[in-house]
Amino acid sequence: MHFSGFRVIKEALTGHKGWKPLWRNPDPQPSYDYVIIGGGGHGLATAYYLARTFGQARIAVLEKGWLGQGNIGRNTTIIRSNYLLPGNEPFYEFSMKLWEGLEQEFNFNAMISQRGVLNLYHSDAQRDAFRRRGNAMLLAGADAELLDTAGVRAMAPFLNFDNARFPIKGGLLQRRGGTVRHDGVAWGYARGADRRGVDLIQNCEVTGFRIEDGRIRGVETSRGYIGAKKVGVAVAGSTGRVMQMAGMRLPIESHVLQAFVTEGLKPVIPGVITFGAGHFYVSQSDKGGLVFGGDIDGYNSYAQRGNLPVVEDVAEGGMALMPMIGRARLLRSWGGIMDMSMDGSPIIDRTHVEGLYLNAGWCYGGFKATPASGYAFAHLLARDAPHDTARGYRLDRFARGHVIDEKGVGAAPNLH
Amino acid sequence: MTRLSGGLIDRSRSLSFTFDGRTFSGHPGDTLASALLANNVRLMGRSFKYHRPRGLIAAGSEEPNALVELRSGARLEPNTRATVAELYDGLSARSQNRIGSLSFDLLAMNDLLSPFFAAGFYYKTFMWPRAFWEKLYEPAIRRAAGLGSLSMQADPDAYDKGFLHCDLLVIGGGAAGLAAALTAARSGAQVILADEDFRLGGRLLAETHLLGDEPATEWVAGVEEELASLPNLRIMRRTTVFGAFDHGIYGAVERVADHLPEPGGKPRQTLWRITAKRAVLAAGAIERHIPFANNDRPGIMLAGAMRAFANRWAVSPAERVAIFTNNDDGHRTAIDLAAKGIEIAGVIDSRTDAKALGDYPIFAGGLVSNAKGRLGLTKIEVRQNGRSQWIDCGALGISGGWNPNLHLASHHRGRPVWDETLQSFVPAKDGPPGLIAAGAANGQGSTAAALRSGAEAAAQALAELDLKAMMPELPQAEDAVSKPQALWHVPGKGRAWVDFQNDVTVKDIKLAHQENMRPVEHLKRWTTLGMATDQGKTANVTALAVMSELTGKSIPETGTTIFRPPYTGVSLSVLGGGNTAEHFRPRRLTPTHHWAKSQGAVFVEVGPWMRAQYFPRPGETHWRETVDREVLATRKGVGICDVTTLGKVDVQGADAGEFLNRLYCNGMKTLKVGMVRYGLMLREDGIAWDDGTCARLAEDHYVVTTTTAQAGPVYRHMEFARQCLWPDMDVQLISTTDAWAQIAVAGPNARRLLERIVDEGFNISNEAFPFMACASLTICGGLRARLFRISFSGELAYEVAVPARFGHALMQRLVKTGKDLGATPYGTEALGVMRIEKGHAAGNELNGQTSPQMLGMGRMVSTKKDSIGAVMSRREGLAAETRRLVGLQPVDPAQPVVAGAHLFTEGAAQSMATDQGWISSAGYSPHIGAHIGLGFLAHGDERIGEVITAANPLDGQQVALRVVSAHFVDPDGGRLRD
Amino acid sequence: MLIPHPLLGLRDAQEFTYLGDARLIERPDGMAEGAEAAFADYVYLRDNPAGVHRELWFHEQGDRSWLVVTRDTVTHEILGAELARDVALRGKGGAA
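Basis of the calculations
- Residue indices follow the written sequence of each chain, beginning from 1 at its first position.
- Chains and ligands are labelled by the order in which they are written, letters from A for the one and numbers from 1 for the other.
- Whole-chain, interface and lining totals are the exception, using all residues; otherwise, since this is a predicted model, local features are given only for residues with pLDDT of at least 70 and side-chain atom pairs are given and counted only at 80 or more.
- Side-chain measures here rest on the full set of heavy atoms in the structure, leaving out hydrogens and waters.
- Segments assigned H or I by DSSP are reported as helices when at least four residues long, segments assigned E as strands when at least two residues long, and all are numbered from the N terminus.
- The cut-offs for exposure are 20% and 50% of the maximum accessible area for each residue type, with area from a 1.4 Å probe on protein chains only; residues under the lower value are buried, those over the upper are exposed, and the others partly exposed.
- Working rule for contacts: check all heavy atoms of both residues, and any pair within 4.5 Å makes them a contact.
- Where accessible areas are quoted, they stem from the Shrake-Rupley method and a 1.4 Å probe; at the residue level, only the protein chains shown are allowed to cover.
- Residues counted as positive are Lys and Arg, residues counted as negative are Asp and Glu, and His and the chain ends are not counted.
- Each charge is placed at NZ for Lys, CZ for Arg, CG for Asp and CD for Glu.
- In these notes, a set of buried Ala, Val, Leu, Ile, Met, Phe, Trp, Tyr and Cys residues joined through side-chain atoms within 4.5 Å is what counts as a nonpolar core.
- Throughout the structure description, domain borders are defined by an automatic or database domain assignment.
- Within the patch definition used here, like charges are joined within 9 Å and nonpolar side chains (Val, Leu, Ile, Met, Phe, Trp, Tyr) within 5 Å, considering only residues with over 30% relative accessible area and no salt bridge.
- Salt bridges are defined as contacts in which a side-chain nitrogen from Lys or Arg sits within 4 Å of a carboxyl oxygen from Asp or Glu.
- A 1.4 Å probe defines the accessible area here, and the buried area is the portion of it lost by two parts on being joined, summed over both.
- Contacts described as polar in this section are N or O atom pairs within 3.5 Å, which, within protein, must combine one atom able to donate a hydrogen with one able to accept it, while residues neighboring in sequence count only if both atoms come from side chains.
- Residue classes follow a fixed rule: Ala, Val, Leu, Ile, Met, Phe, Trp, Tyr, Cys and Pro count as nonpolar, while Asp, Glu, Lys and Arg count as charged, and any other residue, Gly among them, counts as polar.
- At least two bridges found by DSSP between two strands is the condition for calling them paired.
- Fitted lines through C-alpha atoms serve as axes, helices being fitted only where they are in contact, and the angles separating the N-to-C directions of these axes extend from 0 to 180 degrees.
- Handedness of each helix crossing follows the sense of rotation of the near helix against the far helix: counterclockwise by less than a right angle gives left-handed, clockwise gives right-handed.
- Stacked, edge-to-face and tilted are the three classes for Phe, Tyr and Trp ring pairs, Trp counted by its six-membered ring, which pair at centre distances within 6.5 Å; planes under 30 degrees apart are stacked, over 60 edge-to-face, the rest tilted.
- Each ring is checked for a lysine NZ or an arginine CZ that lies within 6 Å of its centre and within 35 degrees of its normal; such an atom marks a charge sitting over the ring.
- UniProt positions are given in the numbering used here, feature names are shortened, and annotations may be inferred rather than shown by experiment.

**Focus: the overall build of chain C**
Within chain C, the secondary structure is distributed over two helices and six strands. The dimensions of chain C, computed from C-alpha atoms along their principal axes, are 45 × 30 × 20 Å. Evaluated residue by residue, chain C yields a buried proportion of 50% over its 96 residues. Within chain C, residue pairs in contact and separated by at least 24 positions form 45% of the contacts whose partners lie at least 6 positions apart. Just so you have it, chain C exposes about 4,100 Å², and 50% of that area is on carbon and sulfur atoms. For chain C, the centre of its 10 positive side-chain charges and the centre of its 16 negative side-chain charges are spaced 4 Å apart.

**A word on the overall build of chain B**
Within chain B one finds 22 helices and 51 strands. Taken along its principal axes, the extent of the C-alpha atoms in chain B is 110 × 70 × 55 Å. A burial count over chain B gives 65% of its 978 residues as buried. A fraction of 66% describes how many contacts in chain B between residues 6 or more apart in sequence connect residues 24 or more apart. In the structure as shown, chain B presents an accessible area of about 34,400 Å², 52% of it carried by carbon and sulfur atoms. One way to put it: in chain B the 104 positive side-chain charges average out to a point 3 Å from where the 103 negative ones average out.

**A closer look at the nonpolar core**
Core analysis: the biggest nonpolar cluster contains 142 residues, and Phe91(A) and Phe309(B) have the highest contact counts within it. Sort the elements by how many residues they give to this core and helix α9 (residues 366-383) of chain A lands first, with nine residues. Among the domains, domain 1 (5-77 + 182-250 + 343-415) and domain 2 (110-178 + 253-341) of chain A are the pair contributing at least three residues each to this core. Filtering out sequence-adjacent residues up to four positions away, Phe309(B) remains in contact with Ala33(B), Ser34(B), Leu37(B), Leu56(B), Ala58(B), Ala59(B), Met301(B), Ala314(B) and Val315(B).

**Some remarks on a positive patch on the surface**
A cluster of basic residues, Lys17(A), Lys493(B), Lys507(B) and Lys510(B), forms a positive patch at the surface. Here Lys17(A) is to be found in the loop between α1 (5-13) and β1 (31-37). Judged by its relative accessible area of 68%, Lys17(A) is exposed.

**Overview of the interface of chain C and chain B**
With 35 residues of chain C at the interface, the matching set in chain B holds 32 residues. Taking both partners together, chain C and chain B bury about 2,700 Å²; carbon and sulfur atoms supply 58% of that area. By the criterion of area lost to chain B, the three top residues of chain C are Arg27(C), Arg64(C) and Trp66(C), representing 23% of everything that side buries. Viewed at the interface, chain B and chain C are joined by five salt bridges. For Asp12(C), the salt bridge is made with Arg273(B), and the minimal N-O distance between the two is 3.0 Å. For the pair chain C and chain B, the number of links is 19 residue pairs in polar contact (both at pLDDT 80 or more). For the side of chain C that touches chain B, the secondary structure elements donating two or more residues are β3 (17-21), α1 (35-44), β4 (52-58) and α2 (84-91) of chain C. Looking at which element gives the most residues to the side of chain C that touches chain B, the answer is α1(C), with seven residues. Classifying every residue of the side of chain C that touches chain B gives 20 nonpolar, six polar and nine charged.

**Overview of the interface of chain A and chain B**
With 125 residues of chain A at the interface, the matching set in chain B holds 120 residues. Summing the contributions of chain A and of chain B, the shared interface buries around 10,300 Å²; its carbon and sulfur component is 55%. Taken together, the links from chain A to chain B amount to 77 residue pairs in polar contact (both at pLDDT 80 or more). Within the residue set of the side of chain A that touches chain B, elements represented by two or more residues are α1, α3 (89-106), α4 (124-139), β5 (145-148), α6 (182-195), α8 (308-321), β16 (329-341) and α10 (397-400) of chain A. As defined by bridge partners, β16(A) adjoins strand β31 (residues 570-571) of chain B across two bridges and the pair is classed as antiparallel. Bridge assignment links Arg329(A) to a residue of β31(B), and that residue is Ser571(B).

**So, the pairing of strand β5 (residues 67-70) of chain B**
Residue and element names in this part refer to chain B. Of the two faces of β5, the one holding Leu67 and Glu69 and the one holding Val68 and Leu70 are both buried throughout. Of the strand pairs in this sheet, β5 and strand β6 (residues 77-81) are connected by three bridges, and their pairing is antiparallel. If you follow Leu70 over to β6, its bridge partner there is Glu77. The loop that links β5 with its antiparallel partner β6 comprises six residues; one of these, Arg71, has a positive phi angle of about 65 degrees.

**Topic: the environment of Arg875(B)**
Checked against the element boundaries, Arg875(B) lands in the loop between α20 (828-838) and α21 (876-879). Under the relative-accessibility criterion, Arg875(B) is labelled buried at 2%. For Arg875(B) and Arg495(B), which are 380 residues apart along the polypeptide, the C-alpha to C-alpha distance reads 68 Å. Residue contacts for Arg875(B): discarding those within four places in its chain leaves Phe398(A), Ala399(A), Arg400(A), Gly401(A), Val403(A), Asp685(B), Glu36(C) and Tyr44(C). At a separation of 3.1 Å, a polar atom in the side chain of Arg875(B) contacts the side chain of Tyr44(C).

**Re the sheet that holds strand β38 (residues 688-698) of chain B**
All names here are of chain B. Spatial strand order, β37-β38-β39-β36-β40: five strands in an open sheet with antiparallel pairing. The sheet is open, and its two edges are formed by β37 (676-682) and β40 (732-735), each paired on a single side. Strand-to-strand, the axes of this sheet are offset by a mean angle of 25 degrees, without reference to chain direction. Sheet analysis places strand β36 (residues 647-652) next to strand β39 (residues 701-706), joined by six bridges and oriented antiparallel. Looking across to β39, one finds that Val649 is bridged to Val704. The sheet strands contacting helix α17 (residues 711-725) are β36, β37, β38, β39 and β40, and the helix crosses β40 at an angle near 165 degrees.

**Quick look at the pattern of salt bridges**
Applying the stated rule across the entire model yields 98 salt bridges over all chains. Across the salt bridge formed by Glu69(B) and Arg94(B), the nearest N and O atoms sit 3.0 Å from each other. Separated by 25 residues along the polypeptide, Glu69(B) in strand β5 and Arg94(B) in strand β7 (residues 91-95) bring together distant segments of the chain. For Glu69(B), a relative accessible area of 4% puts it in the buried group. Among the ionic pairs, Arg268(B) bridges to Glu77(B), the shortest N-O distance being 3.3 Å. A residue pair is termed long-range when its members are at least 10 positions apart, and Arg268(B) in the loop between β14 (249-254) and β15 (269-281) and Glu77(B) in strand β6 qualify at 191 residues. The same class applies to Arg268(B) as to Glu77(B), namely buried. Through salt bridges with shared partners, a single network forms among Glu312(A), Asp313(A), Glu316(A), Lys161(B), Arg273(B), Arg585(B) and Asp12(C).

**Quick word on the packing of helix α2 (residues 41-52) of chain A against α6(A)**
All names here are of chain A. The contact between α2 and α6 brings their axes to 8 Å, and the two run at 35 degrees. Of the two elements, α2 crosses α6, and the hand of that crossing is left-handed. Between α2 and α6, the residues in contact are Leu44, Ala45, Ala47, Tyr48 and Tyr49 and Ala186, Tyr189, Ala190, Gly192 and Ala193, respectively. Residue classes in the contact of α2 with α6 are distributed as nine nonpolar, one polar and no charged.

**Regarding the packing of aromatic side chains**
Residue and element names in this part refer to chain B. This structure, assessed with the given rule, holds 50 aromatic pairs over all chains. Where Tyr122 meets Tyr123, the ring centres are 5.1 Å apart and the plane angle is 55 degrees; that geometry is what we call tilted. One exposure class covers both Tyr122 and Tyr123, and it is buried. Here the guanidinium or amino end of Lys537 rests over the ring plane of Tyr567, the centre of that ring lying 4.7 Å away.

**Notes on a nonpolar patch on the surface**
Residue and element names in this part refer to chain B. Taken together, the side chains of Ile99, Phe104 and Leu106 define a hydrophobic patch exposed on the protein surface, amounting to about 320 Å² of accessible area. For Ile99, the location among the structural elements is in the loop between β7 and α2 (109-112). When its relative accessible area of 43% is taken as the criterion, Ile99 is described as partly exposed.

**A few points about the UniProt feature "domain: SoxA A3" (unreviewed entry) in chain B**
Within this numbering scheme, the UniProt entry marks residues 493-578 of chain B as carrying the feature "domain: SoxA A3" (unreviewed entry). The straight-line gap between the two end C-alpha atoms of residues 493-578 of chain B is 52 Å; of that span, 44% is helix and 8% is strand.

**Re unusual backbone geometry**
Residue and element names in this part refer to chain B. With an omega of -15 degrees, the peptide bond between Trp128 and Pro129 qualifies as cis. Considering the arrangement of structural elements, one finds Pro129 in the loop between α2 and α3 (132-144). Even without a glycine there, the phi angle at Asn40 is positive, about 65 degrees. Position of Asn40 relative to the elements: it lies in the loop between α1 (32-38) and β3 (45-46).

As structure tokens, then:
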């Protein structure tokens with residue numbers, strides 16, 4: 001079924017009787033060519049591109065709960081390609097370009113909204129670093145603008161320009177950055193994959209790998225054994241637990257990131273704004289809630305919930321930056337498990353097991369990467385060679401000294 | 001209509017207030033909601049999506065409809081529930097989320113278009129043409145969405161934070177909570193009793209039962225009196241416990257002054273972090289409604305709320321009301337309202353065997369299937385025995401059973417458990433450790449059961465704490481068990497609301513089912529169910545039940561729904577605790593701060609510190625003019641600069657030398673006593689992390705410095721090395737950053753100046769105290785000091801350290817004593833210029849991404865010893881890195897050099913692939929007479945003299961730069977040793 | 001969170017700075033054969049268990065002790081804490 005305004009009108013006039021399931025609920029087949037573990041954004045996008053772009057067939061996505069259950073359904077919905085390093089920026093710009101045509105391509109309105117991402121700076125050193133980054137973005141074919149205080153004030157007059165502890169000196173703006181309705185992405189990819197024959201199997205937890213002679217044969221699941229020629233793992237948050245079943249230790253720690261939304265408010269914040277002198281970033285959803293977050297709690301956790309000090313810290317940051325939000329109320333907070341990698345950058349690579357591939361380590365930046373991650377992972381699975389923009393995301397880069405450390409904090413996962 | 005009799009309002013006083021510009025009057029004890037009802041205002045809000053006219057459905061914090069903008073000006077508070085806004089004299093409120101008036105909202109056309117706005121419709125359209133989303137569709141949606149407005153002004157009120165500790169935290173001051181608090185307090189435990197309401201009693205305030213032989217309110221008053229007299233119990237009214245966090249920590253907000261016209265010097269609200277050994281969750285229950293067509297008409301509300309309004313606030317939404325129930329509790333409302341003189345049009349009870357419990361018409365086996373009255377209910381359609389009839393009534397109370405208020409019990413993600421008898425979820429057993437649910441929050445909803453379970457929960461908590469419980473005598477109370485019949489919605493044609501605020505109807509749930517959005521999380525996200533300001537308090541369980549009907553699975557099989565903090569909305573102001581504007585972070589001031597201020601210095605934020613940036617003099621019109629003067633004066637005479645902010649760590653012990661040898665990549669053990677050495681510290685991954693100096697004051701005593709930015713992390717790291725890596729070493733550490741004021745004295749006249757303040761007997765001549773010497777000595781007639789002959793500027797230079805309290809005086813003395821030598825204070829700008837001129841790496845070069853090789857210090861990494869980071873610095877990827885620190889100077893001196901520009905071979909195409917490095921630091925050098933820079937360039941060490949291109953496309957700049965040595969000043973170091 | 005400091009009793013976790021896996025105590029010998037592989041493992045690889053985790057916390061706003069805290073990463077329950085120095089000395093076969 002093709003979605004369109006016309007279809008919406010037609011269904012409205014005929015009692016919505018014609019709407020079909022967005023996807024099937026198939027039972028698992030005995031075997032597939034490709035099994036993707038993880039029905040989150042990256043797993044669904046991988047299956048979608050495997051089927052659509054790389055023309056592969058007999059694909060299944062195994063999800064232990066419901067589609068989109070993971071971090072695709074609990075994030076602050078930001079997309080941007082404002083990275084510094086050559087290992088990252090071309091990849092994220094590739095992702096941005098995929099975002100830009102995505103809705104028409106998969107015929108689903110994910111509310112991609114390029115209202116801009118503005119990173120504020122508060123010191124000369126920060127400005128220098130931002131200029132270096134902005135220039136890197138331009139050199140990679142992305143867009144960037146460096147604003148001074150007046151430029152920021154024109155865009156966001158409600159920020160504290162009067163008595164800030166750390167005055168706003170300017171900002172790095174990417175106009176093509178913005179937000180996307182996160183669930184819409186999961187559903188768009190799921191529906192698109194399902195329409196191309198991918199079996200999306202919910203409530204199917206992988207409990208083990210079957211590996212023979214160093215080669216993957218299939219996976220044990222809560223719904224029985226499923227054979228597979230190739231298995232791709234995209235289970236952010238559970239990566240450690242899943243890959244342990246294949247005997248792997250990883251350069252990853254699991255941490256909790258909290259995020260927050262206020263009660264609905266009439267529009268006040270145009271795009272995404274990040275504070276450069278505290279832990280706070282914010283946007284406003286189409287529904288009107290201020291969607292915001294800050295730093296991870298900082299300790300290893302699989303609990304999907306955080307603690308009060310970070311809530312206070314983030315609120316302090318918000319109040320310092322934009323004091324007019326004070327009388328808005330926090331409506332809801334949530335916590336997601338982040339695969340915090342040792343250099344803050346992801347891993348898309350083969351493993352020591354032939355036919356077993358890993359997509360992991362997205363820290364808290366995985367959402368914006370969803371299209372490119374899926375595309376590059378599909379490329380790797382289908383062609384056994386890395387996609388051009390993802391060559392740096394190798395597992396051996398740590399041992400070999402080719403880390404991609406945007407923040408420059410080293411092997412400290414909780415600081416990335 | 002006039003007030004009913006009774007109620008807990010103070011009729012002797014009247015309070016004036018306005019709603020949408022109209023003036024009304026109420027009484028102390030009223031909420032905005034009860035006062036509006038008393039003034040015949042039933043229409044209080046508009047729904048989110050369809051802008052349907054709405055009235056109250058609840059009497060408490062779960063209210064989804066009656067949201068108002070409270071107060072005005074900078075105190076404007078959007079989305080305030082009228083049911084919890086305590087009335088005060090002069091209160092002003094406005095309805096919100098409307099265009100036009102509340103009774104004539106232009107956006108109500110959305111309601112006419114509702115067939116087009118079914119669940120998930122926006123995912124299916126607005127995709128063409130692509131550019132129209134941001135330009136047309138989305139702005140229109142955004143304007144229509146949202147609820148209330150922000151004032152766009154800073155919050156003028158003060159906020160506070162506090163910490164509390166107790167043995168037992170009792171959450172909720174109703175029957176169960178009071179019994180729990182009484183039990184625990186009498187037993188001698190430290191108890192906190194918190195309730196969101198301004199009056200203790202909870203549901204007891206809304207009922208007419210007797211407790212023992214006295215009215216409930218009198219029993220509450222008696223308990224309250226006793227509790228107030230106990231020193232080990234703290235009563236916190238107007239306090240919402242909003243979250244259960246780890247290890248018995250609960251977040252709570254006390255609304256200290258929200259019931260006053262203005263806080264009057266008090267904080268408006270206080271954020272409490274309560275650490276409780278045990279907690280009793282006695283938060284009561286929230287009644288369920290039963291969806292039927294047009295069940296959102298103003299005047300249709302929860303039966304329990306209707307009863308609360310009548311009994312506590314002496315108001316009724318209408319003179320003639322009907323009740324729709326599936327259990328006995330609904331009948332109580334009929335009885336209580338009838339007793340107050342309200343006409344009962346009938347009780348429609350879905351149970352076929354239902355009997356009237358009072359003098360009112362009963363419709364056993366009946367259902368309410370429709371309602372009329374757009375701006376206020378006028379009649380309901382009742383179906384009974386296959387017949388339907390319209391009954392006139394101005395209000396309808398609905399009772400569909402009660403959902404335990406188990407929110408806090410699921411804050412650790414414990415899943416609520418379905419109780420088939422109660423037809424509701426009850427708190428899971430794997431809730432937050434130490435939290436025990438009691439009373440209606442645990443499904444024990446009769447007054448007697450609530451009292452009993454509250455006392456028992458407290459006794460259990462005390463037993464776990466090894467305290468003996470003194471069980472109180474509990475009064476006789478009603479013990480009716482109200483078994484609801486499973487009735488989740490009334491089938492029919494029209495739209496039947498499940499989630500009122502977000503306009504989610506039974507049809508939307510059916511559509512979600514039809515489209516395979518069946519898992520409860522898909523249902524919520526597809527329809528926006530439970531995402532309104534009440535977070536599904538009045539909707540989620542009902543929706544789950546409707547979905548379970550559709551799937552044919554049981555309710556627990558269909559799913560559960562858990563809640564996340566906060567229980568109700570918490571203002572960002574109180575979470576921020578007032579640490580806003582300039583108070584966002586503490587300011588650290590240097591010992592010479594006030595002196596610098598008196599000299600007219602301009603300050604700059606450097607991490608937590610405020611440092612003097614430059615010292616403008618009269619007549620100087622631009623900061624560059626000042627900085628150039630400071631640089632030249634230093635290079636010509638002598639400059640003075642406070643460098644106290646550098647981290648200082650005192651390292652002592654027999655193994656101090658060996659310890660530092662392992663921390664720094666270069667050797668420190670061989671350093672002679674009385675000498676200083678530059679030290680480079682790597683992270684364990686081999687990347688340069690921090691630099692500073694090590695001064696050996698004695699065989700077993702070093703003083704090391706760190707950069708300002710890394711003072712804390714480096715100290716932490718040193719303690720890690722000492723305690724975790726090499727615990728058997730004899731070495732002790734202490735941070736002395738704050739203990740010593742340190743002042744740099746630099747320039748050709750530096751020694752002459754210092755000789756004037758160093759006490760007799762200490763020889764600081766070039767021979768006796770050469771470059772990189774250090775000593776403990778006395779200055780200014782007996783003041784103990786440390787002198788280091790080190791230089792950041794490239795000049796003959798010293799740093800002199802004195803106890804911090806003498807920093808101010810030393811600075812004054814130096815400037816005064818050195819007047820004839822040209823002594824000139826300089827700030828961080830001049831400091832930065834001079835270190836660039838000298839080619840010293842600073843924060844922009846030590847950015848955590850550069851290796852010792854890149855900094856030109858590769859050979860400093862000793863291979864003869866093990867030190868942190870040494871092994872990893874030799875990894876293939878780091879060894880293959882060719883970029884090196886170089887100096888950069890424009891071919892045309894008039895051209896700018898800009899930090900953040902990227903470097904390219906001249907004439908080469910510019911892309912990420914051809915990128916050869918970047919400019920890390922830049923500034924105007926008065927010494928060179930042009931802008932200069934430091935940067936990292938591929939094979940830079942082999943390209944001295946080459947002309948390259950600096951590209952700064954952000955500013956549209958392309959500048960030809962010559963690669964030069966990073967040492968723009970005194971490349972052979974003669975000045976340092978002079 | 002509250003951390004049971006072995007010397008100071010229950011302290012708010014906000015007084016501490018977190019480092020991570022307590023295995024960081026077991027630093028390889030940089031002069032030994034094969035040091036690079038040993039360091040790659042030491043610096044980068046983690047067990048990252050969902051369950052009991054031994055981890056390093058620094059009492060930065062307190063007595064400057066490094067602690068080894070045993071904590072469940074799923075429930076956040078803390079099972080114990082001891083001075084990291086004692087753990088390190090035990091590892092080296094010293095007195096503790």
